[in-house]
Each structure stands twice: as structure tokens, then as C-alpha cells.
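# Residue-level structure breakdown
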Amino acid sequence: MNPHKLLPTLSSITTSDEWYTYYKANAEFQLEIPWKHGAGITEDEQNAIADSLAAWQLGETSDGLHLLAAAKNYAQRIKDPKYVDVIELFIKEEQRHGGDLGRFLDLAQIPRLQRNWGDTLFRKIRYAIPTMEIWTTPVIMVETVALVYYKAIQNATNSPVLKQLCQQILRDEVKHIRFQYERLAVIHKNRPALLRKLTYLIQ
Ligand SMILES: [Fe+2]
Ligand SMILES: [Fe+2]
């Protein structure tokens, strides 16, 4: 069954059980990526995308331990243990993106990055104060930019592998954004109006 039909309408907050079912089903509902075609990009394409694609590959690659620790604390506080299981599946999905992008880089003989200033900065922000709110806020920002980036790459390339890989990532990321903004909504819900305004200002 299409996992995207498992989620409730946008007017309600999805429960951790529903997200769990979705992520489980989504892991089984993958587009076929025609790896056998090879990278299939021209030299011009390669020159244009090598740096950014390697940076995104690094960004999608993480052991998720900081996030898992923040999620465990948070889940205990709100008495929603299932949330930790959902976060584990979410981390796996991001690791799949990193793994597939890495496989593409290897096929195209584009060197993988070990460090990147944007990635380091982003990790520092997330690790500075390990709460779900501090973690989620910059992640929504990055995932929104990811939608623009992967869509642009998908439109620009003629590589069947890269096109399909972008399609899969885009499909997953749309739901990631919903997953994150719902969490922020839950976190902000009971915050006094003035404090909430201040939060938005800081954001
Ligand atoms: Fe991703
Ligand atoms: Fe994501």
C-alpha cells in the first residue's frame, strides 16, 4: 500500500503510532533506481554538481546519536515512548539518502567529503542545546532547501539514476517537513502567546 495514503489529513497532528506505520511502510515502498545504467552524467554536469552533491551527501550522513538522545529525553518528558521508535526510523531514512547519494558519487567518481563548513555549522547548532525544539528548527530550514536543491538537480540532469534518486529523496523529504513542523506545533502549542511571538521572532 502507498505509505503516503496512511497519514491523516493535514488538519490534525499525526500520532507517533501513525508516523511509525508510515515510516515502516515507506521503507518498503521504494522507487527502483536503475543503478545498472551507471552515473550517466556529462563532464559539464559533473563539474556543475560535484561540490554541492558531495556536500549534501555528507549532510545526509549521520549516526543520529545526538538526535536519538534528545528524542529519548523529550519522549520521556511527554510520555510518548513510541516517538523514539519513530525517530529511529527517520534516522534510517536519512541514512538511506546518504548511502544512495554516496553510491552515486562513487559511480560518478566524485570524491566524498569528510568535512564541509556548512555541515559543521549546522551540526554545531543542533548539538549546542540538545532539545527537540533546537534540533527541529534548523532541520526544517535545511529540509526546505533540500526540496529546492534536489528538484533543481532532477530537472537539470539527464542521468536516469540521478533523476530517480532525486525523485525518491523528494518524496521522502516532503513528509520529513511535515513530520518536523507537526513536532514544532506540538512543542509550541501550550506556550504563552507572548513567548510564542518571541520564539517566532528569534526563528
Ligand atoms: Fe534526506
Ligand atoms: Fe530529511
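Here's a quick rundown of the structure.

What counts, and at which threshold
- Counting from 1, residues in each chain are numbered in the order their sequence is written.
- The naming scheme follows written order: chains are lettered A onward, ligands numbered 1 onward.
- Under the rules for a predicted model, residues below a pLDDT of 70 receive no local features and side-chain atom pairs below 80 are neither given nor counted, while totals for whole chains, interfaces and linings still include all residues.
- As a rule here, side-chain values come from all non-hydrogen atoms in the structure, and water together with hydrogens is ignored.
- Pairing of aromatic side chains requires ring centres within 6.5 Å, counting the rings of Phe and Tyr and the six-membered ring of Trp. Pairs whose planes differ by under 30 degrees are stacked, by over 60 edge-to-face, and all others tilted.
- Here a helix means four or more residues in a row that DSSP labels H or I, a strand means two or more in a row labelled E, and each is numbered from the N terminus.
- The donor set covers N, O and S atoms within 2.8 Å of the metal, switching to 3.2 Å for Na, K and Ca, and it leaves out water, so a site may look short of donors.
- Only four donors with every angle between 85 and 135 degrees are called tetrahedral; only four or six donors with opposite donors over 155 degrees apart and all others between 65 and 115 are called square planar or octahedral, in that order; all others are irregular.
- Fitted lines through C-alpha atoms serve as axes, helices being fitted only where they are in contact, and the angles separating the N-to-C directions of these axes extend from 0 to 180 degrees.
- Here roughly perpendicular refers to angles of 65 to 115 degrees, roughly parallel to angles under 35, roughly antiparallel to angles over 145, and oblique to all remaining angles.
- What makes a crossing left-handed is the near helix being turned counterclockwise from the far one by less than a right angle; a clockwise turn instead makes it right-handed.
- Polar here means any residue other than Ala, Val, Leu, Ile, Met, Phe, Trp, Tyr, Cys and Pro, which are nonpolar, and Asp, Glu, Lys and Arg, which are charged; Gly is therefore polar.
- The criterion is simple. A nonpolar core is a set of buried Ala, Val, Leu, Ile, Met, Phe, Trp, Tyr and Cys residues joined through side-chain atoms within 4.5 Å.
- Burial classes follow relative accessibility: with a 1.4 Å probe on protein chains only, a residue under 20% of its type's maximum area counts as buried, one over 50% as exposed, and anything between as partly exposed.
- Working rule for contacts: check all heavy atoms of both residues, and any pair within 4.5 Å makes them a contact.
- Helices are assigned an expected span. That span is 1.5 Å times one less than the residue count.
- Residues enter patches when they are more than 30% accessible in relative terms and free of salt bridges; like-charged ones are connected within 9 Å and nonpolar ones (Val, Leu, Ile, Met, Phe, Trp, Tyr) within 5 Å.
- For the accessible areas, the method is Shrake-Rupley and the probe is 1.4 Å, while residue cover comes only from the protein chains on display.
- A carboxyl oxygen of Asp or Glu within 4 Å of a side-chain nitrogen of Lys or Arg is what we treat as a salt bridge.

## A word on the packing of aromatic side chains
One pass over the structure, following the stated rule, counts 13 aromatic pairs. A centroid spacing of 5.5 Å and a plane angle of 70° characterise the contact between Tyr-74 and Tyr-83, whose relative ring orientation is edge-to-face. Where Phe-90 meets Phe-179, the ring centres are 5.7 Å apart and the plane angle is 40°; that geometry is what we call tilted. Of the two residues, Phe-90 sits in helix α4 (residues 82-107) while Phe-179 sits in helix α7 (residues 160-189), which places them 89 residues apart along the sequence.

## Focus: the coordination of the iron ion (ligand 1)
The coordination sphere of the iron ion (ligand 1) contains the protein donors Glu-60 (OE), Glu-94 (OE), His-97 (ND1) and Glu-173 (OE), at a distance range of 1.9 to 2.3 Å. In this structure, the iron ion (ligand 1) is surrounded by four donor atoms whose angles at the metal cover 84 to 147°, and the resulting shape is irregular. Written as a sequence motif, the donor arrangement for the iron ion (ligand 1) is E-x33-E-x2-H-x75-E.

## A look at the packing of helix α6 (residues 132-156) against α7
Across the interface, α6 lies against α7 with an axial gap of 8 Å and an inter-helix angle of 155°. It follows from the interaxial angle that α6 and α7 lie roughly antiparallel. Note on packing geometry: the crossing formed by α6 with α7 is left-handed. Grouping the constituent residues of the contact of α6 with α7 by class yields 16 nonpolar, nine polar and six charged.

## What about the nonpolar core?
The biggest cluster of nonpolar side chains holds 24 residues, and the ones touching the most others in it are Ile-41, Leu-53, Phe-104, Tyr-150, Leu-162 and Leu-165. Elements with a contribution of two residues or more to this core: α2 (43-59), α4, α6 and α7. For this core, the element with the most residues is α7, which contributes six residues. Apart from the residues within four sequence positions on either side, Phe-104 is in contact with Trp-35, Ala-39, Ile-41, Leu-53, Ser-159, Val-161, Leu-162 and Leu-165. Counting 23 residues, the second-largest nonpolar core is a separate cluster that includes Leu-7, Ala-71, Tyr-74 and Phe-90.

## Observations concerning helix α1 (residues 16-28)
Its 13 residues give α1 an end-to-end C-alpha distance of 19 Å, which sits within 8% of 18 Å, the value for a rise of 1.5 Å per residue. Those residues of α1 that sit buried are Ser-16, Trp-19, Tyr-22, Tyr-23, Ala-25 and Asn-26. Here the buried face of α1 lies against α4 and α7.

## Some points on a nonpolar patch on the surface
Nonpolar side chains collect at one region of the surface, where Leu-195, Leu-198, Leu-201 and Ile-202 lie side by side and expose about 460 Å² of accessible area between them. Tracing the chain through its elements places Leu-201 in helix α8 (residues 193-202).

## A short note on the coordination of the iron ion (ligand 2)
Only Glu-94 (OE), Glu-143 (OE), Glu-173 (OE) and His-176 (ND1) from the protein coordinate the iron ion (ligand 2), and they sit 1.9 to 2.2 Å from it. Here the donor residues for the iron ion (ligand 2) map to a single chain with the spacing E-x48-E-x29-E-x2-H. Metal-to-metal, the separation of the iron ion (ligand 2) and the iron ion (ligand 1) is 3.4 Å; Glu-94 coordinates the two. Linking Glu-94 in helix α4 with His-176 in helix α7, this pair joins segments that are 82 residues apart in sequence.

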